[in-house]
Amino acid sequence: MARHPLFPLVLLTAACVLDLRAGAQEPAPNIDPSARFEGLFVDRPNEAGELWARGTTYKLGFEKGRATYVPLFGSRAPRSYPLELELRSLRCGEQSLSLAPPSAPQVEGARISIERSPLVETWDLEPERAEQSFVLDAPLGTGALELRLALRTDLRLREQRDGELVFEQPGLGVVRYGEAVAIDARGARATLALALALEGGEIALHVPAEFLANASYPLVIDPVLRTFAIDTAATDTTEPDAAYDATSDVWLVVCRERLSQTDSDIRCHRYSGNGTTRLDTVYAESASNFAHSPSVASCASAGRFLVVWSESDAFDRVRCRERHASSTTQESIEVIFPGDLTRSVGATDVGGSSAGSDRFLIVFLLTDPSFAVPDISVMGAGYTVGGTVLPPGPISSAVGCTTPPRVSKDSGPHRRWIATWNRNNTSPCGADDILFAIVSENFQVVQNATPLTAPLLGRDVRPAAAGDGESFFLVWQRDDAVPRTQSDIVGTRIARPRSSWIQSGPVIALSQLEPGVNLAADQTSPSIGFDGCRYVYAYSESSGARCAPPLRGDLPRHRLLDRLPRGPSRAVERGLRCRT
């Protein structure tokens, strides 16, 4: 049997597999990942000194002394409309003063400080406002003090009045920059004149000479930024995934939060094991990129989660971030696939471990469109707790149509993952063939791409699998033949009776096992989990005409596979039941 090391990896957009514990002691959490974020999150600076923070109405980034304030106008906004502010000059009376190069941002709670001797620029963050301050420890000379900030924005200056600048994006909202005051050490205050120098795009802050002559130091110059959006409820949260850590008895639920059509963040909610208490909310990714396709898995022995996602701007990248299960601590963001201009990646998926291993397997799709018929590879990359990344390599390569792969959430006691995907070499792409491959915890492909028995009629799509590393159960969506008027959920067992893994039982019509199921409805988008004893599968059910708006939306359903129907599926039942 061929064995290939996994070297470079990429990302792919696939449906997420939800890791649900089937045991009665750990019910699936009662969660609402779409709940509006209410609070403040400040990330740690990366190696380049860049830093991002999130409030409820804005996000704020720092890079090389420049602050980028991004108002959150809602996910329907066609793009982001940032204001970039950078301190450019300092003058006292007739004297122009030099400024030291900006330091890397220093974080202390909700305060971010940047040294610009002879002053310090600080930002005090609250959920709905960002307060910018300039702190001087001693007088700089005689006369009035003027600070000038370079301003770059596509927002329109709507008005300037009462010491406030109002920037507008019609139909979306406004940003107000103002409420500027100077406060000395005794608490004496002076409202500042705030002016926008249209020539050259600069904001000028003036502190009167009369106030400075009697001021006690340190002196704080203090403008505030606020966002007022027209649609305050227009933040879409999609693409959820979840994993459970038994060591800390917590769930981590991840999702994509769309802030505009060009900017999405990856949000993480941590819940108690019974699902009743949300412990915290942090962001694995909160920069200005379009992040999508989040996935999460756990490593029980290390008490860690790994969050994986894709990013798109000039090109596609795959990134991941290790998260402690017992706290809000996150490690640095690691690059799985750096991206290039010639190839594109799809959604990511990640599998973890529960049997003493410290490994994760990341899978995604990599497409090279430079050929007449695109060359498409199912890629895999290894990650070891502590930040060791094994560069991605191919699990399978083919010319034709391949869908994003999914991987089992747990390698199990036998320490192997199963990756599944669709492929069709004909045009137009129907993606009818289901394939799977087996990967060991040493990141070796121990069984190459293996097809399942294809249906005589119809179309098989969206496969997902789970198991203990030796045997697996694979579920998928089966659509009727043209005109494809019906979709059902089916599944089969994958086992290794001899030297290789094969389909080891009949195909079972799973959606028909659900009590009270509407057989006239469509059952789609399955997921499956395994707790070491039983499997649980989940799917969406929808009704209504395909060519008209549905009368009701998708409804999630699930069922435990403990006892299956007698008859043709009896052999499969014996393989699924837990031996005690």
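Since we're looking at a predicted model, the values are computed, not measured.

Novice: Provide a residue-level description of the overall build of the protein, including the pertinent values.
Specialist: The helix and strand inventory of the protein stands at 2 helices and 45 strands. By the burial criterion, 54% of the 580 residues in the protein qualify as buried. Of the accessible surface of the protein, which amounts to about 24200 Å², a share of 50% is contributed by carbon and sulfur atoms.

Novice: So what's going on with the pattern of salt bridges? Which residues, and what values?
Specialist: Inspection of the entire model under this criterion finds 38 salt bridges. Here Asp340 and Arg343 are joined by a salt bridge, their closest N and O atoms 3.1 Å apart. Here the salt bridges share partners, and the residues they tie into one network are Arg54, Lys59, Glu257, Asp263, Asp265 and Arg267.

Novice: Talk me through the packing of aromatic side chains; I want residue IDs and the actual numbers.
Specialist: A full pass over the atoms with the stated rule returns 11 aromatic pairs. Plain terms: the ring middles of Tyr537 and Tyr539 are 6.1 Å apart, the flat faces sit at 15° to each other, and that makes the pair stacked. Here Tyr537 and Tyr539 have matching classes, each one buried. Above the plane of the ring of Trp52 lies Lys59, whose end atom (NZ or CZ) is 5.5 Å from the centre. Across the ring face of Phe228, the terminal group of Arg176 is positioned such that the distance to the ring centre comes to 5.5 Å.

Novice: Before we move on, could you go through the pairing of strand S21 (residues 250–260) and cite the residues and values that matter?
Specialist: Burial runs high along S21: 11 of the 11 residues are buried. Relative to S21, strand S20 (residues 236–245) runs antiparallel, the two sharing 8 bridges. Across the sheet, the residue bridging to Asp245 is Val250, located in S21. Remark: 4 residues form the turn of the hairpin made by S20 and S21, two consecutive strands paired antiparallel; Asp249 in that turn has positive phi of roughly 55°. Direction of pairing for S21 relative to strand S22 (residues 263–272): antiparallel, over a ladder of 10 bridges.

Novice: Can you tell me about the side chain of Glu322, naming the residues and giving the values?
Specialist: When you line up the elements, Glu322 lands in strand S26 (residues 316–324). Owing to a relative accessible area of 2%, Glu322 belongs among the buried residues under this scheme. Only 2.6 Å separates the side chain of Glu322 from the side chain of Tyr383, close enough to count as a polar contact. Not counting chain neighbours up to four residues away, the residues in contact with Glu322 comprise Arg304, Phe305, Leu306, Gln330, Glu331, Tyr383, Val385, Gly386 and Gly387.

Novice: For the nonpolar core, give the residues involved together with the corresponding values.
Specialist: Leu60, Trp123, Leu145, Leu147, Tyr177, Leu205 and Ile221 are the most contacted members of the largest nonpolar core, which has 49 residues in total. When residues no more than four places from it in sequence are discounted, the contact partners of Leu205 are Phe134, Leu145, Glu146, Leu147, Leu149, Tyr177, Ala180, Ala193, Leu194, Ile221 and Pro223. One finds Ala297, Cys320, Phe364 and Leu366 within the second-largest nonpolar core, a separate group that totals 17 residues.

Novice: Can you lay out the side chain of Thr57 for me, pointing to particular residues and giving the numbers?
Specialist: In this structure, Thr57 sits in the loop between strand S3 (51–54) and strand S4 (58–63). A relative accessible area of 12% places Thr57 in the buried class. Setting aside residues up to four positions removed in sequence, Thr57 forms contacts with Val70, Pro71, Leu72, Pro127, Glu128 and Thr227.

Novice: Describe the state of the cysteines, naming the residues involved and giving the relevant values.
Specialist: Scanning the entire structure with this criterion turns up 0 disulfides. Here Cys268 is not disulfide-linked; the sulfur of Cys255 is the nearest cysteine sulfur, at 8.0 Å. Judged by relative accessible area, which is 1%, Cys268 ranks as buried.

Novice: So what about the environment of Val490? Which residues, and what values?
Specialist: With respect to the helices and strands, Val490 occurs in strand S40 (residues 487–495). A residue is classified by how much of its surface remains accessible, and Val490, at 6% relative accessible area, is buried.

Novice: Could you give an account of the pairing of strand S13 (residues 156–161), with specific residues and numbers?
Specialist: As defined by bridge partners, S13 adjoins strand S14 (residues 164–169) across 5 bridges and the pair is classed as antiparallel. Residue pairing in the sheet places Glu159 in a bridge with Val166 of S14. Where S13 folds back on S14, the antiparallel hairpin that results is connected by 2 residues, among which Asp162 adopts a positive phi of roughly 50°.

Novice: Got a sec to walk through unusual backbone geometry? Specific residues and values, please.
Specialist: With an omega dihedral of 20°, the bond running from Ser117 to Pro118 counts as a cis peptide bond. Tracing the chain through its elements places Pro118 in the loop between strand S9 (111–116) and strand S10 (119–126). A positive phi angle is found at Glu179, which is not glycine, with a value near 55°. Under the relative-accessibility criterion, Glu179 is labelled partly exposed at 42%. You will see that Ser525, though not glycine, has its phi angle at about 55°, which is positive.

Novice: A description of the environment of Phe41 should follow, citing residues and the corresponding values.
Specialist: When you line up the elements, Phe41 lands in strand S2 (residues 41–42). For the pair Phe41 and Gly109, spaced 68 residues apart in the sequence, the C-alpha separation amounts to 9.6 Å. Those residues in contact with Phe41, other than ones at most four positions away along the chain, are Ala53, Arg54, Val282, Tyr283, Ser286 and Gln330.

Novice: Explain the confidence of the model for the protein residue by residue, including any values.
Specialist: For the protein, the mean per-residue pLDDT works out to 83, and 81% of the residues sit at or above 70. pLDDT under 50 marks residues 544–558. Its contacts with residues more than four places away, or in other chains, come to 32 contacts. Between residues 562–580, whose pLDDT stays under 50, and residues either more than four places distant or in other chains, the model counts 31 contacts.

Reading guide: rules and limits
- Residues numbered from 1 in each chain as written.
- Predicted model: local features only at pLDDT ≥ 70, side-chain atom pairs only at ≥ 80, totals over all residues.
- Heavy atoms only, no water.
- Helix = DSSP H or I, 4+ residues; strand = E, 2+ residues; numbered from the N terminus.
- Buried < 20%, exposed > 50% of the residue type's maximum accessible area, 1.4 Å probe, protein only.
- Areas by Shrake-Rupley, 256 points an atom, 1.4 Å probe, with all protein chains shown as cover.
- Salt bridge = Lys/Arg side-chain N within 4 Å of Asp/Glu carboxyl O.
- Phe/Tyr/Trp six-rings, centres within 6.5 Å; stacked < 30°, edge-to-face > 60°.
- Lys NZ or Arg CZ within 6 Å of the ring centre and 35° of its normal.
- Pairing = 2+ DSSP bridges.
- Polar contact = N/O pair within 3.5 Å; in protein donor to acceptor, adjacent residues only side chain to side chain.
- Contact = heavy atoms within 4.5 Å.
- Core = buried A, V, L, I, M, F, W, Y, C linked by side-chain atoms within 4.5 Å.
- Disulfide = S-S within 2.5 Å.
- pLDDT = per-residue confidence, 0-100.

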